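Each chain, letter by letter, is given below.
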Amino acid sequence: MASSNILISGLRGLGVEIAKNVVLGGVKSVTIHDTGNVEWSDLSSQFFVSEHDVGKNRAEVSESHLSELNPYVPVKSHTAPLTESFLEQFQVVVLTESSVEEQVRLGEYCHTMGIKFIMAETKGLFGRVFCDFGDDFVVTDANGETPLSAMVSAVTKDSDGVVTCIDDQRHGFETGDYVTFTEVKGMTELNNCQPRQIRVLGKYVATRCS
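Residues numbered from 1 in each chain as written. Predicted model: local features only at pLDDT ≥ 70, side-chain atom pairs only at ≥ 80, totals over all residues. Heavy atoms only, no water.

(A) Spotlight on the environment of Asn-5. Relative to the assigned elements, Asn-5 resides in strand β1 (residues 5-9). Using a relative accessible area of 15% as the deciding quantity, one classes Asn-5 as buried. With 23 residues separating them along the chain, Asn-5 and Lys-28 place their C-alpha atoms 5.5 Å apart. Leave out the neighbours within four places in its chain, and Asn-5 touches Lys-28, Ser-29, Gln-89, Phe-90, Gln-91 and Val-92. In this structure the side chain of Asn-5 is engaged in a polar contact, spanning 2.6 Å, whose partner is the side chain of Ser-29. (Helix = DSSP H or I, 4+ residues; strand = E, 2+ residues; numbered from the N terminus. Buried < 20%, exposed > 50% of the residue type's maximum accessible area, 1.4 Å probe, protein only. Contact = heavy atoms within 4.5 Å. Polar contact = N/O pair within 3.5 Å; in protein donor to acceptor, adjacent residues only side chain to side chain.)

(B) Geometry of the nonpolar core. Within the largest apolar cluster, 17 residues are counted, with the highest numbers of intra-cluster contacts made by Ile-8, Val-30 and Ile-32. Those elements that place two or more of their residues in this core are β1, α1 (13-25), β2 (29-33), α2 (58-69) and β4 (92-95). Counting 13 residues, the second largest nonpolar core, distinct from the first, contains Leu-7, Leu-82, Leu-87 and Val-93. (Core = buried A, V, L, I, M, F, W, Y, C linked by side-chain atoms within 4.5 Å.)

(C) Local environment of the packing of aromatic side chains. Here the structure, examined in full by the defined rule, presents 4 aromatic pairs. Look at Phe-133 and Phe-137: their rings are 4.9 Å apart centre to centre, the planes differ by 85°, and that puts the pair in the edge-to-face class. Given the relative accessible area of 46%, Phe-137 is considered partly exposed. (Phe/Tyr/Trp six-rings, centres within 6.5 Å; stacked < 30°, edge-to-face > 60°.)

(D) How the structure looks around the pattern of salt bridges. In this structure the tally under the stated criterion is 11 salt bridges. For Asp-42, the salt bridge goes to Arg-12, with nearest N and O atoms at 2.7 Å. Of this pair, Asp-42 sits in the loop between β2 and α2 while Arg-12 sits in the loop between β1 and α1; the two residues are 30 residues apart in sequence, bridging distant segments of the chain. Taking the relative accessible area as the measure of exposure, Asp-42 reaches 2% and is therefore buried. A relative accessible area of 24% means that Arg-12 is categorised as partly exposed. Residue Lys-20 pairs with Glu-17 through a salt bridge whose shortest N-O separation is 3.0 Å. (Salt bridge = Lys/Arg side-chain N within 4 Å of Asp/Glu carboxyl O.)

(E) Up close: the layout of surface pockets. Its boundaries defined by the atoms lining it, the largest pocket holds a volume of some 1100 Å³. Forming the boundary of the largest pocket are 37 residues, of which Leu-148, Ser-149, Phe-173, Tyr-178 and Val-179 lie nearest the centre. The set of elements that each furnish at least two residues to the lining of the largest pocket consists of β7 (152-155), β8 (161-165), β9 (178-179) and β11 (206-209). Here the lining of the largest pocket takes 4 residues from β7, the largest share from any one element. Size it by volume and the second largest pocket reaches roughly 170 Å³. Along the walls of the second largest pocket sit Arg-12, Gly-13, Leu-14, Ser-45, Thr-96, Glu-97, Ser-98, Glu-121, Thr-122 and Lys-123, which together make up its complete lining. Among the secondary structure elements, those contributing two or more residues to the lining of the second largest pocket are α1 and β5 (116-123). Sort the elements by how many residues they give to the lining of the second largest pocket and β5 lands first, with 3 residues. Of the residues in the lining of the second largest pocket, the class split is 1 nonpolar, 5 polar and 4 charged. (1 Å grid on protein atoms, 1.4 Å probe; cavity = no way out; pocket = protein on both sides within 12 Å on 5 of 7 lines; lining within 4 Å. Points joined across faces, edges and corners; volume = space filled by probe spheres on them. Nonpolar A, V, L, I, M, F, W, Y, C, P; charged D, E, K, R; others polar.)

Everything listed here is a matter of coordinates, which is why it stays silent on function.
Take a look at the structure:
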């Protein structure tokens, strides 16, 4: 993070929240971008603007407030339309108020140039996010939930060992999940091993470790 130059485009409620968290987290620099001016509707979600800012550019109004959050992170604003040449200086690009056409155009450019790309937007109570971190970024978490844990009662010594959990304890794993082990007694070589893919044999008692 400390070596990343971040571009955040769109300074309504979602964009300013992202910008605030990134600045507080500490990065090399943050550039905020918006071509639009503050509207009355922005006062309900954009916490850095007031009624006196209506008609002023959102990025320019937010710049000084964001700069005050972390003196070690330079913050500057940009108000012109985004171009591919402008994006070259960034390691991460975040879009929050872009049209689908602009998302596709800039997303394809970022992918080609190896720039991390994030698109996020909210629609009332709903929201969505798209991330492109390059071909080498692999997501193995299917649902984003907290990792599961289960207590093991036995492990067979077969080449594909059968791992049995404590009686009547639903382990909650699914075929294709990856697991590792800790505090195993007897077969201690399993402790802190590299994640191993499993195939579920039953809901309560066993998984097969490849």
